[in-house]
Amino acid sequence: MKKYLAITVLMLLLATPVQAKESCSTVLCMAGMLQGVGVVSACTGFVQDYFDIIMFNGHGGISLNKTFKARGKFLGKCTSAGNWPKMINSQYGRQLGF
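Fair warning: this is a prediction, and the values are worked out from it, not measured in the lab. (Residues numbered from 1 in each chain as written. Predicted model: local features only at pLDDT ≥ 70, side-chain atom pairs only at ≥ 80, totals over all residues. Heavy atoms only, no water.)

1. Quick word on the overall build of the chain
And then number 1: When its secondary structure is counted, the chain shows 5 helices and 0 strands.
And then number 2: Counting from the amino terminus, the chain carries its helices and strands in the arrangement α-α-α-α-α.
And then number 3: Every one of the 98 residues in the chain was classed for burial, and the buried ones make up 27%.
And then number 4: Restricting to contacts in the chain with at least 6 residues of sequence separation, those with at least 24 account for 55%.
And then number 5: For the chain, the accessible surface area stands at approximately 7,000 Å², while carbon and sulfur atoms represent 62% of it. (Helix = DSSP H or I, 4+ residues; strand = E, 2+ residues; numbered from the N terminus. Buried < 20%, exposed > 50% of the residue type's maximum accessible area, 1.4 Å probe, protein only. Contact = heavy atoms within 4.5 Å. Areas by Shrake-Rupley, 256 points an atom, 1.4 Å probe, with all protein chains shown as cover.)

2. Describing the packing of helix α2 (residues 23-34) against helix α3 (residues 44-51)
And then number 1: In the contact formed by α2 and α3, the axes pass within 8 Å of each other and the chain directions differ by 95°. Of the possible angle classes, the one that applies to α2 and α3 is roughly perpendicular. For the pair formed by α2 and α3, the contact residues are Ser25, Thr26, Cys29, Met30 and Met33 on the first element and Phe46, Val47, Asp49, Tyr50 and Phe51 on the second.
And then number 2: When the residues that make up the contact of α2 with α3 are grouped by side-chain class, the tally is 7 nonpolar, 2 polar and 1 charged. (Axes fitted to C-alpha atoms, helices over the stretch in contact; angles between N-to-C directions. Parallel < 35°, antiparallel > 145°, perpendicular 65-115°, else oblique. Nonpolar A, V, L, I, M, F, W, Y, C, P; charged D, E, K, R; others polar.)

3. Observations concerning the state of the cysteines
And then number 1: Per the stated rule, a full pass over the model turns up 2 disulfides.
And then number 2: Through a disulfide, Cys24 is tied to Cys78; the S-S separation comes to 2.1 Å. Torsion about the S-S bond of the Cys24 and Cys78 cystine: about 105°, corresponding to right-handed handedness. One end of the pair, Cys24, is in helix α2; the other, Cys78, is in the loop between α4 (64-76) and α5 (84-92), with 54 residues separating them in the sequence.
And then number 3: Here the bonded cysteines of the chain are numbered in sequence order, and their pairing is 1-4, 2-3. (Disulfide = S-S within 2.5 Å.)

4. Some remarks on the side chain of Ser23
And then number 1: For Ser23, the location among the structural elements is in helix α2.
And then number 2: Take Ser23: its relative accessible area is 9%, and that puts it in the buried class.
And then number 3: When neighbours within four sequence positions are excluded, Ser23 is seen to be in contact with Phe74, Leu75, Lys77 and Cys78.

Encoded structure:
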């Protein structure tokens, strides 16, 4: 019993928290990119979250259309962003990196 308790405690101490991707933070950071500000250091992770969304076709190749739709869906989760998600996705949705 003590062995299982020790293992459980050890696992809890070593576990790292998983952070959900923040669509509104991504929209805010990428709106700055769209306006020519570039990627500020605090935004690197949020912008990377967007570009990490890559969809594949049935043959294992990258599907730019599916990627575009998935990225648009991610940005669309930020309901308070107005038209920014559509403008951002129009500019960067089929791009594979920044």
